[in-house]
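Examination of the molecular architecture
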Amino acid sequence: MQNPTKKSQRRRPRYVASVLAFALLIVCGFAFAEPRGPGPYFGLGLGQSTMKDANTALLGTPTADTDTAVKIFGGYMFNPYLGLELDYVNFGTFMGSSPREEWSATGLDFSVVVVLPFPDIYSNFSLFGKFGANAWSVDDNLPAFGFVSASGTDASYGFGAEVGLSRNAGLNLQWERFTNVGDPNVTGRSDLDLITLNFVYHFGEPRERYRRRYRY
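Residues numbered from 1 in each chain as written. Predicted model: local features only at pLDDT ≥ 70, side-chain atom pairs only at ≥ 80, totals over all residues. Heavy atoms only, no water.

Before going further, it helps to spend a moment on the overall build of the protein chain. Looking only at helices and strands, the protein chain features three helices and nine strands. Going from N to C terminus, the protein chain has its helices and strands arranged as α-β-α-β-β-β-β-β-β-β-β-α. Across the 216 residues that make up the protein chain, the buried fraction comes to 44%. In the protein chain, 65% of the contacts between residues at least 6 apart in sequence involve partners at least 24 apart. (Helix = DSSP H or I, 4+ residues; strand = E, 2+ residues; numbered from the N terminus. Buried < 20%, exposed > 50% of the residue type's maximum accessible area, 1.4 Å probe, protein only. Contact = heavy atoms within 4.5 Å.)

The structure is reproduced here in structure tokens:
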């Protein structure tokens, strides 16, 4: 079994690099982005998923409790502060040994999104929070015992920040937690944490027009 301290030391440079890159993007966003208004949006994301409770999800001794995750999402902002979002997430595969095990999960997540434009609604930078329900599916492959799967729905929540790069394009960095993924009696159960960097394309009209129309 790997030393947790060494694993955390390896992860730290990734997180530091992500934070520095996002800080640079914020500066670029304030310099070059144009405001935009409410409407539909679509995005793609890449990041890292982490199994929080490997001892309850993996029968074997955990050898990898993180993996690369991919996210595809779309939503609609009704106004500068409130929207709905639907995400598909592939959390990747987590490994166990003694016995060998491959535990993989996907999710279809429906969330309410609450946005706080900062410092005001004409800004190109915003903070946001999400809360909703995740319809998860888990496949657990134990070559010595067989293949089992389970599905269900449980709560999810998260928060993040977004910066505009142009009138319609933006980047956001977000952290999410998906609770109780898996069946404790079949596949094992764990909370999954997800950190992603996402490209977002907004189809809404420029916010300056929205301001004149609705007099915010």
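Moving on from the model shown.
Attention shifts here to the side chain of S126. Assignment of secondary structure puts S126 in strand β6 (residues 125–142). Apart from the residues within four sequence positions on either side, S126 is in contact with V115, L116, P117, F118, G160, A161 and E162.

In this fold, F199 is placed in strand β9 (residues 190–202). Residue classification places F199 among the partly exposed positions, given a relative accessible area of 40%.

Residue P99 is reached from S98 by a cis peptide bond, and omega for that bond is 5°. With respect to the helices and strands, the residue P99 is situated in the loop between β4 (82–97) and β5 (101–118). Cis geometry marks the peptide bond from F118 to P119, where omega comes out at 5°. Of note in this structure, S98 is not a glycine but carries a positive phi near 55°.

In regular strands, side chains alternate between the two faces of the sheet. Direction of pairing for strand β1 (residues 39–51) relative to β9: antiparallel, over a ladder of eleven bridges. Its bridge partner lying in β9, S49 is registered against L194. When strand β8 (residues 169–181) meets β9, the two strands line up antiparallel, connected through eleven bridges. Bridge pairing in β9 links E176 to L194. (Pairing = 2+ DSSP bridges.)

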